[in-house]
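Structure assessment
Single-letter residue listing:
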Amino acid sequence: MAYKNYILVCGGTGCESSRGDEIFRTLIKEAELQGVKNDVQVVKTGCFGFCEKGPIVKVLPQESFYVEVKPEDAKEIIAEQVIKGREVKRLLYKKDQASSDKVKIEDIDFYQKQFRVVLRNCGVINPENIDEYIAREGYTGLERALFKFSPDEVVEELKKSGLRGRGGAGFPTWLKWDLTRKAPGDVKYVVCNADEGDPGAYMNRSTIEGDPHSIVESMIICGRTIGAHEGYIYIRAEYPLAIERLKIAIRQAREYGLLGKDILGSGYDFDLDIRLGAGAFVCGEETALLQSLEGKRGMPVPKPPFPAIKGLWQKPTVINNVETFANISVIMAKGAEWFAKIGTEKSKGTKTFALTGKINNSGLVEVPMGTTLREIVFDIGGGIRNGKKFKGVQTGGPSGGIITEESLDQPITYESLTALGSMMGSGGMIIMDEDDCVVDIAKFYMAFCVDESCGKCAPCRIGTKQMHDILEKISNGNGVEEDLAKLEKIGKAMTKASLCMLGGSAANPTLSTIKHFREDYMEHIRDHKCRAGKCKSLVVYEIDAAKCIGCGICARRCPVPCITGEKKQPHVIDRARCIKCGECFTACKFGAVVKK
Amino acid sequence: MVTLTIDNDSSTVPEGSTVLQAAKALGIAIPTLCWLEGLGPYGGCRLCLVEVEGASRSGFLAACSTPVAEGMVVRTSSPAVRQLRAEVLEMILSTHHADCFNCRKNGACDLLDYCREYGVTKIETGRETRHHRPDTSHPFYNVDRNKCILCGRCVRVCNDLQASHVLDIAGRGQTAHVMADHDDRMGDSTCVSCGNCVSYCPVGALLPKPKVFPGEHLVQGRTRTVCGYCGVGCELDLLTRGNAVVGVQPAHGPANEGILCVKGKFAFQFIGHPDRLTAPLLRKDGQLVPVTWDEALDEFEKRLRAAIAKGGPDSVAGLSSARCTNEENYLFQKFLRAAVGTNNIDHCARLCHSSSVTGLSKTLGSAAMSGAIADLDLADLIFVTGSNTTETHPVIGSRIKRAVERGARLIVADPRKIELAGIADLHLRINPGSNIALFNAMAFTIIEEGLVPQAFIEARTEGYAAFAAFLAGSGDPAHAWSPERAAPICGVEAADIRKAARLYATSKAASVCYAMGVTQYHNGTNGVVALSNLALLAGQLGRPGASLNPLRGQNNVQGACDMGALPDVLPGYRKVADPAARAAVGKVWGVEPPEKPGMTATEIVEEALEGQIGFLYVMGENGAISDPDITKSMKAFEKVGFLVVQDLFLTETAALADLVLPAACFAEKEGSFANTERRVQRVRKAVEAPGKARTDLSILADLLGRFGLPLADASAEAVFREIAAVTPIYSGMSWPRLEKQGLQWPCPAHPGDPAHPGTTRLYTESFSRGRGLFIPVEWEAVAEPADREYPFLLTTGRLLYQYHTRTMTGKSPGIERLAGKARVEISLRSAQDAGIEEGDPVRITSRRGSIVAEAKVSDRTGDGVVFLPFHFAEAAANLLTSSDATDPESRIPEFKATAVRIEKAGPGTAAVGAGKAGKGR
C-alpha cells in the first residue's frame, strides 16, 4: 500500500543533536493520535547536508523542504500536510527573511552546484533499512563484481574510473588494490579507515550515518578483488550513531547472505567486523591505525613496507578511507565511464567537504572535483556571515594550510591544493573572516598537534611543542621578529624529518599563515596588537563613556568584578584586574564596551 | 643484488637491504639513536636521514627504513643533511636534561657524541625542562626519565628481544614516557633484571647503580669473551678499568644475538671480590694457612705419590669442572690418566645430564643438542619438558618466548606452573616422576592415530615393530600405554596427552628442549630414552627446527664432557675400553691411558665413605652443597686421605680440604668453552687473577711437569692444538678459526680442505650410531614416593637470579637483595592444610635431614609438591635429597623427587643434620 505522504527526518548527528530524534518520534505519535498512521510513513534518513538550517524535514511528494523544525511543529505538519494536503509555509526554506515564496529544493543555492555521488543516499533512504539501499541500486555493484567481473576486470574498471584515495593523499585506488592483490600471501585483509579526526570534519561520519551499506558493499567488492576474507572497519568510538548504523547494516547484510559464507551463492566468503578507535588522531594514519587494530600502541611505523605488502598482522592489506569506499559501490553499479565524466582530468569524481566556520550555510557539501573554492564559499556557502570580509579558508585541518582570497578561483584538485601549500586532506574546510586571528588559528592547530603527536619521532614530539611555545609567546605579545625565523626553521625541519604525515604537515598552518599574513604576525610582535581581538593578552577592553548609559549590566556580568560606576553614569574597567574574558563586551547592548 | 651510489661511491648490496646497511658496507657511518641491530627499523630518532635524489616529500629519507633501489643516488653527509641532523639533534637535546658534567654516561653517550660531531652546542629554539623524580627502586640500575630521549630502544629490547614485555611507552606527545608495567616503579615491576635496556640506552636515562657498579662509567678496556654462567654461551664484552671488571655489555654472539640475562649482565662482582683466594692454603695443625706455590705443589706431589704407592692409581680420583675451559679439562683428565694412571675422573655432568649421555648414546649414538639454539626460530612447535628455561637458560627462554610470539606452538610438561606454562598452548602439569608414562602415552597416541611418518621410520630407525608392540601392551591391552593408563600416573587428562601428541607429531618442525626434570631421576636414562623414542617416532629430528635438545646447565659442561672428563671416555667420546682410541691418545701423550673405566662422581663419594680414596683432586666443584644427601657427602670428603680443592673461593668443599689452590676465573684466562649447542667459543683474558691465584691451566701444566709429562708450550692455544690432535670432533678447529666465530662440532679436519664449517644440526643424514634405535622402556614410580609420614614430594632446581651454590652470584648485592634467601614453593591448599602463610618459616624434613626455609605460597607447584632451590647452604635442599636411589646406568641421583613432610617452624629455627660445618671454619 502506498502512503499518501513520506516524511523524511534528518538523522545526521547535527540534526539529531538539535532534537531531531524527538521530531521523528513526535511525528509518528501525532500521526497515530490524529488517526493517519496508515497514510504516512516517517523515515529517519542520513544527513541532508544543510546543517546550518537543521533540523531538516522533507515531505514527499510535495518536496516540501522544512528547515529549523522543532518537535512542536510535528502536530501541524501532520494536521496540515498529511490530513489537509497543505504545506506548512512558515517552516519552508526561504531565500531570505522577506521572501515568502517556496523555493524548490533544486533551486536552493546551497544545493545548486553540488553533485551527490558519495552522499547519493543521504537524506533519501532510511540507513537502517537494507531494502531501501537495495532499491536504490544497492548491492548491484557487488553482484557485478561477483558474477560479471573477474578481479582483474574490477581493477581495470577502477583504473578507468580514475578514482583516487579520498583520505587526502590521492593515491590511485586501483593501484593500491592491484598491489595488494598481487602481493604474495594467502591471508589478506580489507580495512576501512573511519578514524576521522580533523577538527571540523564530519564527512565520513555523515556518510556512514546516512549510507552504511555503501561501505559494507564496497568492502566486500574489495575483499573479493584482492582475495581477502576478512575486513575491519576502524571507527572512532566518538561516533556512536555511525557505529550503531554500521552494526545494523552488517547484521542485515549477513541476514541477506551478503556477508558470511558463500555470498549470494558465489562461493566467496567474506565477513566484516568493527573495531573502535580510542580517539587518537594519529590512528587516522594508516600504519598507526593498523598497529592499533592489532591491539598495539597506535604509533606509525616506517614505510615501506606499505600495507599493500605488509599490513595488518604483516599480511597484505588494502586500507581505504570511508569516502573512497563509498565511491566504489556506485562505480561498480553505474560503471567507470559514468564516474570518469565527473571532475577534472587527473582528479575524477566528487569530493565531500564539511563546510564550517564563518560561513552562512555551514554544512556537508559534495562537489565535482574542479569546482573552485569561490563557488564553494560564496555560492554554496552563501558567503561570509554578517557581511564580514573573507580572510581565508583552511583545508585539510591541522595538516593543511590557509588559502587566501587570491587563490579562490583555483579549481579544487589534489594537485592544486598541494601547490597552494595546503592539501586536500579528508575534507574539512573552515572559513575564516576578518575577525579571525591567524596567530590564534596557527596556535590552535599547533596545540592540537602537540596533544595528538604520538611521541614516537623526535621532530614531531618536540618540534610541535617548540612551535606552539613560540606561537604562544607571540600571541602573548612577547614575541620578537626572530621568532618567525625560528618558526620557519623548526617547521621546515619537522616537515622534512618527521616519521609520518602528522608531523610532516603539522607546520603547514603556521608556515602558510606566516607566508600569507606575515604582517598580522608582525603586528603582534611589533605593535603588541591583535587586530581581531582573539589574542587575549593583547586585547584591552574599555568603556566608551560617550556610549555608556550606566545600565550596569557589564558590571553585573563581570566575574572578577573589575567594572565600577554609579547608576546611569559611565562605567570604568580596571585594566589591571581585567581578565579579558569578554563578558562585558558581549553583554553591552549599546556597543559601549570596545576592544582595542 | 642492487647497485646504488652513496656519496659518489658505488655499492652493490643484496636486494632488501636498507640504505643504512648499504652505507655500512661501504664504511660510511650514518648516525642513529633508535636503531638496534637485530631488530627492524623503528624510525623514531630521525637522525639517520639522508638525501635521496628524487625522493618524495622533502627529498630526505630515513636510512634505517629505506630499502635500496637500483640506481638510487644517496648523499649521507651533504650540507643539507648535516644541517637537518643538527636541527633534529637540537630538538632532542632541548628535552634532555643535559647535565653532562655530572652524568656517568659522559664518554659513552651517543647523544653527546653526535652533538659534538654536528656542532650542536646550544639550544636556540627553547628548552623543555622535565621534572620526573629519579626512580632508584631497582637493585641494579637507576632510571632518570629527565634524560630519556624516547628513542624506544629499551622498550623494543624488552619486548622484541627479551620478550619480557615490562616496558612500553605511555602517554601521547608531551606526556609520552617509558613506563614499566602500569607505570610502576622499576623495582616494583615484573622486570627480570636482564639489564638489556640498560645495555642499549644511548644516553644516561638507564644507568647501572653507581654504588653497586662503581667505575662502570670509566671504561678503559673491552674484552670479547663468553659468559661464565650457564650453558647458553652468550658472547659478551667485559668492560675493564685497570685490573677490574667494571661492567658487562652484551655482544651479538650466535647464541644470544645481543642480549644477556641478569647473571651475565650484572653478577660479575665475584671476579675481583675480596673473598677470592689469593694464596695456596695448606692445612697445618687443623688450620688452613697460606703457603707458597712451591710448598703447596711439593705437598701435592708428595701426597699424591704416597697415595699411589699405598693404594695404587685407582685409589686416586679427580673431579674436574664444568666451569673451567676445554684446555683445563683436557689437561685435568690427561693428568689423571697419563700421570696418575687412573680413569677415576668425573665432573658435575654426572649430576645433570649423565642420563642424557647414557640414554641418547644408546638410541642415537650421541648425547648433545641435536639442533642449534637458533634452530628454535625455525620450529613450528616447541616441547619444553623438565626445563624451567626462562630461569635456568634465560636467553634461550627469551628465544622460546619470541618463537611463541611469532606463532610457534608451545607445549610445557612440568610439575610446576613455570613462566613458559603461562604462554603455552598446553601445560601438562605432570606429577614428578611420571615422564616415562607421559612420553609412552604420547607415542601410543601417535601410532594409534596413524601419525607415524612411515618413510622416516623405515629409512632411519630400527626396533619400531618391537616398540609398537610394547606400547600396545605386548599382547595384553591392559598393559598398553594408552593415555587413559598414563593419565592417573601423570595427574593430567588423557585428552590433553592426546592433544600434546597430535600437536607434536603433526607440526612441520618440532623441537624438544629438556633438562633436569627428565634426567634427575633414578631411572633418568629411561626417561631420556622414552623421549628419544617419541622424537624418533614423530620423525622430529635432523631437520631445520626439528631437534631434540638437552639443555646443558653450565658454561662448559659440554666441553668438559667433550674433553673426556668422564670415567669411561677419552676426549671426543672415544671409549677408554677401545684399544685403538687408547693407542691414538697414547701416541700424542707418550703414555697410554688405563683400560678400565673409572668411577663416577657418585661412586667416588661412596668409595670415599668406605675410606677407599687416598687422594681426591677437586677442581672447581662444590660437592658439599651440590651433591645429594650432603650429610653423607661431607662425611665422604672428610674421609678422603688427602683432599685438594682448587677454586676461586673457600667454598664449603674447600673448607674441608687439606690443600686449597687459588684459581683464576673465566675473566682471567685464555681458552675456550663449548656451549649447549656444541659451539666452541673463545674465552679471553680481561684482567689478571688476584694475588697469587693462577689459572687452572698453569697449575695443571706444572703438575704434569712434576710427573714427567711437561708441556712443550704451556699456552692455552698450544693445548688446544693438542686437543684438536686427539679429538676427532674438534680436529678441524683452531684458535685462528675460533677467533672470528665459534664453531659447532663435529668439525673434523678435512685433509686438503681445512675449513669444515662445523655442524649446525646433527642427524640430517644419519644418526651417530647409524639408525635411530627404539628401546621400549617401562615406567617406574619414584624411588621414594610420598607416604603418610612424608606426604609431600620435594623437587629441587634453580632460580633465575642464583647460580648453583652461590659462590659467584652470592657476591652480588643486587642478586642477594632479589633472591638472597631460600624460599620453599608450596601450593595454596597445601599451605592452608599445614597452617602456613606466605613468609612463614617452614620446616621441611626428609628421611635424611631437616631444614627451614621461608614459605612462598603460590600456584606454581601443585598440591602435594613442594619446590626448593638448591643454591642455599643455610637451607640446603641437598640435606634432604637422597643418594641411595641412583640410575643404574648413569648413576645420576634422584634430585627431583624426595618424600618430605612440612610444618610451620618456630622463628629462629635453622637447619639440622648439616654435619660438620668444615674443618677450617
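The rules behind the values
- Residues numbered from 1 in each chain as written.
- Chains lettered and ligands numbered in written order.
- Predicted model: local features only at pLDDT ≥ 70, side-chain atom pairs only at ≥ 80, totals over all residues.
- Heavy atoms only, no water.
- Helix = DSSP H or I, 4+ residues; strand = E, 2+ residues; numbered from the N terminus.
- Rg over C-alpha atoms; globule rule 2.2 N^0.38 Å.
- Buried < 20%, exposed > 50% of the residue type's maximum accessible area, 1.4 Å probe, protein only.
- Contact = heavy atoms within 4.5 Å.
- Areas by Shrake-Rupley, 256 points an atom, 1.4 Å probe, with all protein chains shown as cover.
- Lys, Arg positive; Asp, Glu negative; His and termini not counted.
- Charge placed at Lys NZ, Arg CZ, Asp CG, Glu CD.
- Pairing = 2+ DSSP bridges.
- Axes fitted to C-alpha atoms, helices over the stretch in contact; angles between N-to-C directions.
- Salt bridge = Lys/Arg side-chain N within 4 Å of Asp/Glu carboxyl O.
- Buried area = accessible area lost by both parts, 1.4 Å probe.
- Polar contact = N/O pair within 3.5 Å; in protein donor to acceptor, adjacent residues only side chain to side chain.
- Nonpolar A, V, L, I, M, F, W, Y, C, P; charged D, E, K, R; others polar.
- Domains from an automatic or database assignment.
- Disulfide = S-S within 2.5 Å.

**Focus: the overall build of chain A**
Helices and strands together make up the secondary structure of chain A, namely 23 helices and 17 strands. For 596 residues, the compact-globule estimate of 2.2 N^0.38 gives 25 Å, and the C-alpha radius of gyration of chain A, at 26 Å, lies within 12% of that figure. For chain A, the spread of C-alpha atoms along the principal axes amounts to about 85 × 65 × 40 Å. Across the 596 residues in chain A, those meeting the buried criterion constitute 60%. Of all intrachain contacts in chain A linking residues separated by at least 6 positions in sequence, the fraction that spans at least 24 positions is 70%. Carbon and sulfur atoms form 50% of the exposed surface of chain A, whose accessible area is close to 23300 Å². Computed over 84 positive and 79 negative side-chain charges, the separation of the two mean positions in chain A equals 3 Å.

**A word on the sheet that holds strand β26 (residues 642–647) of chain B**
All names here are of chain B. Reading across the sheet, the 7 strands line up as β14-β13-β27-β26-β25-β15-β16 and stay open at both edges, with mixed pairing between neighbours. Since the sheet does not close on itself, it has two edges, and those belong to β14 (287–290) and β16 (345–346), each with one partner. Bridge count for strand β25 (residues 615–619) against β26 is 5 bridges, and the pairing is parallel. Pairing of F615 across the sheet is with F642, part of β26. Sitting on the sheet, helix α23 (residues 601–609) is in contact with β15 (316–319), β16 and β25, with an inclination near 135° to β15.

**Quick look at the pattern of salt bridges**
Residue and element names in this part refer to chain B. The final tally for this structure, using the stated rule, is 108 salt bridges over all chains. Where R679 meets E677, a salt bridge forms, and the shortest distance between an N and an O atom there is 2.9 Å. Accessibility classification places R679 together with E677 in one group, the buried group. Between E784 and R847 there is a salt bridge, with the nearest N and O atoms lying 3.7 Å from each other. Taken together, the residues span a long stretch of sequence, with E784 in the loop between β31 (772–773) and β32 (792–797) and R847 in the loop between β34 (841–845) and β35 (850–857) at a distance of 63 residues. A relative accessible area of 42% places R847 in the partly exposed class. Connected through shared salt-bridge partners, E391, R416, E825, K856 and R860 make up one network.

**A few points about the interface of chain B and chain A**
Listed per partner, the contact involves 34 residues of chain B and 36 residues of chain A. With both sides pooled, the region where chain B packs onto chain A buries about 2800 Å², and carbon together with sulfur makes up 56% of that total. Between chain B and chain A we count 4 salt bridges in total. In this structure, R172 of chain B engages E452 of chain A in a salt bridge whose closest nitrogen and oxygen atoms are separated by 3.2 Å. Between the two partners, chain B and chain A, sit 15 residue pairs in polar contact (both at pLDDT 80 or more). Among the secondary structure elements, those contributing two or more residues to the side of chain B that touches chain A are α2 (79–95) and β7 (167–170) of chain B. Of the residues forming the side of chain B that touches chain A, the biggest block, 8 residues, is contributed by α2 of chain B. Of the residues that constitute the side of chain B that touches chain A, the class distribution is 15 nonpolar, 11 polar and 8 charged.

**Examining the domain arrangement of chain A**
Accessible area lost on assembly of the parts is the figure often given for the size of an interface. Residue and element names in this part refer to chain A. Domain annotation for chain A reports domain 1 (5–110), domain 2 (130–340), domain 3 (350–433), domain 4 (438–527) and domain 5 (540–595). Once you take the C-alpha centre of each, domain 2 and domain 3 turn out to be 27 Å apart. Across the boundary between the two partners, domain 2 contributes 16 residues, which contact 21 residues of domain 3. Summed over both partners, the interface of domain 2 with domain 3 comes to about 1500 Å²; 54% of that surface belongs to carbon and sulfur atoms. If you sort the residues of domain 2 by the area they bury against domain 3, R166, Y202 and M203 come out on top, with a joint share of 35%. On inspection of domain 2 and its partner domain 3, the count reaches 2 salt bridges. A salt bridge links E415 to R164; its shortest N-O distance comes to 3.1 Å. For the interface between domain 2 and domain 3, the tally reads 7 residue pairs in polar contact (both at pLDDT 80 or more). Looking at the side of domain 2 that touches domain 3 residue by residue, the class counts come to 6 nonpolar, 6 polar and 4 charged.

**Topic: the state of the cysteines**
Residue and element names in this part refer to chain B. Going through the model one piece at a time under the given rule, you end up with 0 disulfides over all chains. Not engaged in a disulfide, the cysteine C103 finds its nearest cysteine sulfur in C109; these two sulfurs lie 6.3 Å apart. Of the residues examined, C103 reaches a relative accessible area of 13% and is grouped as buried. Here C227 stays free of any disulfide, with the sulfur of C234 as its closest cysteine sulfur at 6.0 Å. Of the residues examined, C227 reaches a relative accessible area of 9% and is grouped as buried.

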